[in-house]
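Chain by chain, the residues run as shown.
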Amino acid sequence: MEHTEENENIEIRLLLEAVFLKYGYDFRSYSFSSLKRRITNRFRESGLSTISEMQHMILNDQRFFETVLNDLSINVTEMFRDPVFFKSLRTQVIPQLKGREFLKVWHSGCASGEEVYSTVILFKEEGLYDRSRFYATDFNEKKIAEAKKGIYPLSSMKGYTANYQHAGGTSSFGEYYTARYDFAIMDGSLKTNILFSDHNLATDGSFGEMDMILCRNVLIYFSKILQDHVLELFKECLTPGGFLCLGSKESLRFSSVSDAFEDFASDQKIYRKK
């Protein structure tokens, strides 16, 4: 039995190598247990006999590869997710940014865009939107396309409205979208200062000088080596006194960049570059 599992693990590592060599997506340093679970789920659903057969399909069938790519993406997100975090942004971080002439904010691993629009709304309400530029990136081009459209199920809006209110929203959340049939379409004025583009944290380089970087609940899926690589990238991109926002289960403690940052709102995993 152990021998079979060992073979399966080898096949999965070869599959990840094949994905990297053919398509340039590098999952080789991601958390193996998380990837294995996602790959074996797709393997069972596909009715294939071996992981090697699955690798062959990934290399020769673009549509199947895109399905697998979607499986490997981390897409758990919502508007004003963790409202206390967004309240901290509003009450603690934004007052520190108000003195800056022009602001650049990078949402890394933005998935389908809900948290980007949340940040944009917050900046709008605090009078910073017109002098801010938002860079929303993800390695999954399909998710980037969804984020660009800004169309979400209307059924989600009740929960999003509650999040918005708990995050200290100062307006009526309904002002930021138009309801059409079963969908909510985010207002076009929110998109003017957002640049959506694909960017792979594992393989791509710096994204310019930023005043704030948000990368929440992405690093938990990376190995320690890849986490350090990405955090070095963020350190390089942030201006002195810039802010790095991580997810609730993530931390700079024991990372290679911990000395370059100070805790700003440590309960919300908001750090400030020294």
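Keep in mind that what you see is a predicted model, and the values were worked out from it rather than measured. (Residues numbered from 1 in each chain as written. Predicted model: local features only at pLDDT ≥ 70, side-chain atom pairs only at ≥ 80, totals over all residues. Heavy atoms only, no water.)

K.L.:
What am I meant to see in the overall build of the protein here?
P.N.:
Summing up its helical and strand segments, the protein has nine helices and ten strands in all. Computed over C-alpha atoms, the radius of gyration of the protein comes to 20 Å, within 12% of the 19 Å expected from 2.2 N^0.38 for 274 residues, which places it in the range of a compact globule. When the backbone C-alpha atoms are referred to their principal axes, the protein occupies close to 60 × 50 × 30 Å. The proportion of buried residues among the 274 residues of the protein is 51%. Within the protein, counting contacts between residues at least 6 apart in sequence, those at least 24 apart form 76% of the total. Both charge centroids of the protein, one from 34 positive and one from 38 negative side chains, sit 4 Å from each other. (Helix = DSSP H or I, 4+ residues; strand = E, 2+ residues; numbered from the N terminus. Rg over C-alpha atoms; globule rule 2.2 N^0.38 Å. Buried < 20%, exposed > 50% of the residue type's maximum accessible area, 1.4 Å probe, protein only. Contact = heavy atoms within 4.5 Å. Lys, Arg positive; Asp, Glu negative; His and termini not counted. Charge placed at Lys NZ, Arg CZ, Asp CG, Glu CD.)

K.L.:
Looking at this structure, how should I read the environment of M79?
P.N.:
By secondary structure assignment, the location of M79 is in the loop between α4 (62-72) and α5 (83-97). In the structure, M79 is positioned 15 residues away from I94 in sequence and 19 Å away in space, judged by C-alpha atoms. Apart from residues no more than four positions distant in its own chain, M79 is found in contact with E114, Y117, S118, Y152, Y160, N163, F173 and M186.

K.L.:
When you look at the sheet that holds strand β4 (residues 177-180) in this model, what are you seeing that I'm missing?
P.N.:
Sheets are built from strands paired through backbone hydrogen bonds, the pairs being either parallel or antiparallel. With antiparallel pairing, the three strands of this open sheet are ordered in space as β3-β5-β4. Looking at the sheet topology across the chains shown, the edges are occupied by β3 (151-153) and β4. Pairs of neighbouring strands in the sheet enclose a mean axial angle of 30 degrees, with direction left out of account. The sheet contact formed by β3 and strand β5 (residues 183-186) spans three bridges and is antiparallel. Note on β5: the bridge partner recorded for P153 is F183. (Pairing = 2+ DSSP bridges. Axes fitted to C-alpha atoms, helices over the stretch in contact; angles between N-to-C directions.)

K.L.:
I keep staring at the sheet that holds strand β10 (residues 270-273) and nothing clicks. Help me out?
P.N.:
Here seven strands make up an open sheet; going across it, the order is β6-β2-β1-β7-β8-β10-β9 and the pairing mixed. Two strands in the sheet have a free side with no partner beyond their single neighbour: β6 (194-198) and β9 (261-265). Within the sheet, the average angular offset between the axes of one strand and its neighbour, ignoring direction, is 20 degrees. Inspection of the sheet shows strand β7 (residues 210-215) paired to strand β8 (residues 238-246) by five bridges, in the parallel sense. Looking at the pairing, M210 lines up with L238 of β8. Along the sheet, helix α9 (residues 224-237) makes contact with β1 (103-108), β7, β8, β9 and β10, crossing β8 at roughly 140 degrees.

K.L.:
I'm lost on the pattern of salt bridges in this one. Help?
P.N.:
Side-chain pairs of opposite charge can arise where the charged atoms are in close proximity. A complete count under the given rule lists 15 salt bridges for this structure. Among the salt bridges present, the one from R28 reaches E17, with a minimum N-O distance of 3.2 Å. Of this pair, R28 sits in the loop between α1 (2-23) and α2 (32-46) while E17 sits in helix α1, and the two are eleven residues apart along the sequence. For R28, a relative accessible area of 33% corresponds to the partly exposed category. Here E17 falls in the partly exposed class, since its relative accessible area comes to 30%. With a closest N to O distance of 2.9 Å, R90 and E126 form a salt bridge. In this pair, R90 is assigned in helix α5 and E126 in the loop between α6 (114-125) and β2 (132-138), connecting sequence segments 36 residues apart. (Salt bridge = Lys/Arg side-chain N within 4 Å of Asp/Glu carboxyl O.)

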